[in-house]
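Residues per chain are reported as follows:
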Amino acid sequence: MSTVTAYLGLGSNMGDREDNLRQALSLLGEKGQITARSSVYETEPWGYTDQPNFLNMACGLRTPLAPRELLALAQGVERGLGRERAIRYGPRTIDVDILLYGDLVIDTPDLQIPHPGIPERAFVLAPLAEIAPEAEHPVLKRRIGELLADAPGRETVVCLGALPLG
């Protein structure tokens, strides 16, 4: 069975944010191997701003899952940790986004890979650049580290350090 490395973005701004990230990583790790974990970054909300700050991070996941299976896993993790989709870009216990899936490009109504928000979201780029600075955005043909250097709002993304495992 072949595997691919996917990069996922995780975010939480409700409840025990660190524990939500830990639980999400644990559940994702049941379906593949976590190959990298970024530090945790505290960031201001984006889109809908009347909500608490987020903790964001990225991880690499070596997985045999096809893209739609990985999407189903990500959405299952969100549901399992109590995510409710009441307000677009609103508060959430956990958000799990597929950022990159190898060098694959998918553009359908229910699945876009690479994630379309990568270039303008410093809260995604900072943790992703920490673990995969040389990874190439398959549409823009630019490295993630280069995209971070040009990202608006990068000065508002605060690195808090490694996520305690316990």
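Residues numbered from 1 in each chain as written. Predicted model: local features only at pLDDT ≥ 70, side-chain atom pairs only at ≥ 80, totals over all residues. Heavy atoms only, no water.

S.K.: Explain the overall build of the protein chain to me, please; I cannot follow it from the model alone.
M.R.: The secondary structure content of the protein chain amounts to four helices and ten strands. The linear arrangement of helices and strands in the protein chain, starting from the amino end, is β-α-β-β-β-α-β-β-β-α-β-β-α-β. Dimensions of the protein chain, computed from the C-alpha atoms along their principal axes, are close to 40 × 35 × 35 Å. Long-range contacts, defined here as pairs at least 24 residues apart, represent 68% of the contacts in the protein chain between residues at least 6 apart. Counting only carbon and sulfur atoms, one obtains 50% of the accessible surface of the protein chain, whose full area is about 8200 Å². Computing the positive centroid from 16 side-chain charges and the negative centroid from 22, the protein chain places the two 3 Å apart. (Helix = DSSP H or I, 4+ residues; strand = E, 2+ residues; numbered from the N terminus. Contact = heavy atoms within 4.5 Å. Areas by Shrake-Rupley, 256 points an atom, 1.4 Å probe, with all protein chains shown as cover. Lys, Arg positive; Asp, Glu negative; His and termini not counted. Charge placed at Lys NZ, Arg CZ, Asp CG, Glu CD.)

S.K.: Mind showing me how you'd approach unusual backbone geometry here?
M.R.: If a residue is not glycine, its phi is most likely negative; likewise, a peptide bond is most likely trans. That bond from Ile113 to Pro114 is cis: its omega, 0°, falls within 30 degrees of zero. Note on placement: Pro114 falls in the loop between strand E7 (111-113) and helix H3 (122-131). Positioned with a positive phi, Lys141 is a non-glycine residue whose angle comes to about 55°. Its place among the elements puts Lys141 in the loop between strand E8 (136-137) and strand E9 (142-143).

S.K.: Any chance you could explain H3 here in plain terms?
M.R.: An α-helix turns once per 3.6 residues; consequently, residues spaced three or four apart project the same way. Buried residues dominate H3, accounting for nine of its ten residues. All buried positions along H3 are accounted for by Ala122, Phe123, Val124, Leu125, Ala126, Pro127, Leu128, Ala129 and Ile131. Where H3 is buried, its residues touch strand E1 (4-12), strand E2 (33-37), strand E3 (40-43), strand E4 (54-63), strand E5 (95-101) and helix H4 (144-150). (Buried < 20%, exposed > 50% of the residue type's maximum accessible area, 1.4 Å probe, protein only.)

S.K.: What is the right way to look at the state of the cysteines in this model?
M.R.: A covalent bond between the sulfur atoms of two cysteines is what we call a disulfide. Tallied over the entire structure, the rule returns zero disulfides. Of the cysteine sulfurs around Cys159, a residue in no disulfide, the closest is that of Cys59, at 16 Å. (Disulfide = S-S within 2.5 Å.)

S.K.: Help me understand the environment of Ser12, please; the structure alone is not making it clear to me.
M.R.: Tracing the sequence through the fold places Ser12 in strand E1. Residues Ser12 and Met57, 45 residues apart in the sequence, show an inter-C-alpha distance of 9.4 Å. Among residues more than four places away in sequence, those in contact with Ser12 are Arg17, Asn20, Leu21, Asn53, Phe54, Leu55, Arg92, Thr93 and Ile94. Among the polar contacts listed, one links the side chain of Ser12 to the side chain of Asn20, at a separation of 3.0 Å. (Polar contact = N/O pair within 3.5 Å; in protein donor to acceptor, adjacent residues only side chain to side chain.)

S.K.: How should I be thinking about the pairing of E1 in this particular structure?
M.R.: The side chains of a regular strand alternate, first on one face of the sheet and then on the other. When you tally the buried positions in E1, you get nine out of nine residues, the bulk of the element. Covered by surrounding structure in E1 are Val4, Ala6, Leu8, Leu10 and Ser12 together with Thr5, Tyr7, Gly9 and Gly11, the residues of both alternating faces. Note: E1 against E4, nine bridges, orientation antiparallel. Bridging across to E4, Gly11 finds its partner in Asn56. With six bridges connecting them, E1 and E5 associate as antiparallel partners. Paired with Leu8 across the two strands is Ile98, which belongs to E5. (Pairing = 2+ DSSP bridges.)

S.K.: Sorry, what's going on with the side chain of Thr63 here?
M.R.: Tracing the sequence through the fold places Thr63 in strand E4. With a relative accessible area of 0%, Thr63 lands in the buried category. A polar atom in the side chain of Thr63 sits 3.1 Å from the backbone oxygen of Lys31. Contact partners of Thr63, with chain neighbours within four places excluded, come to Ser2, Thr3, Val4, Lys31 and Gly32.

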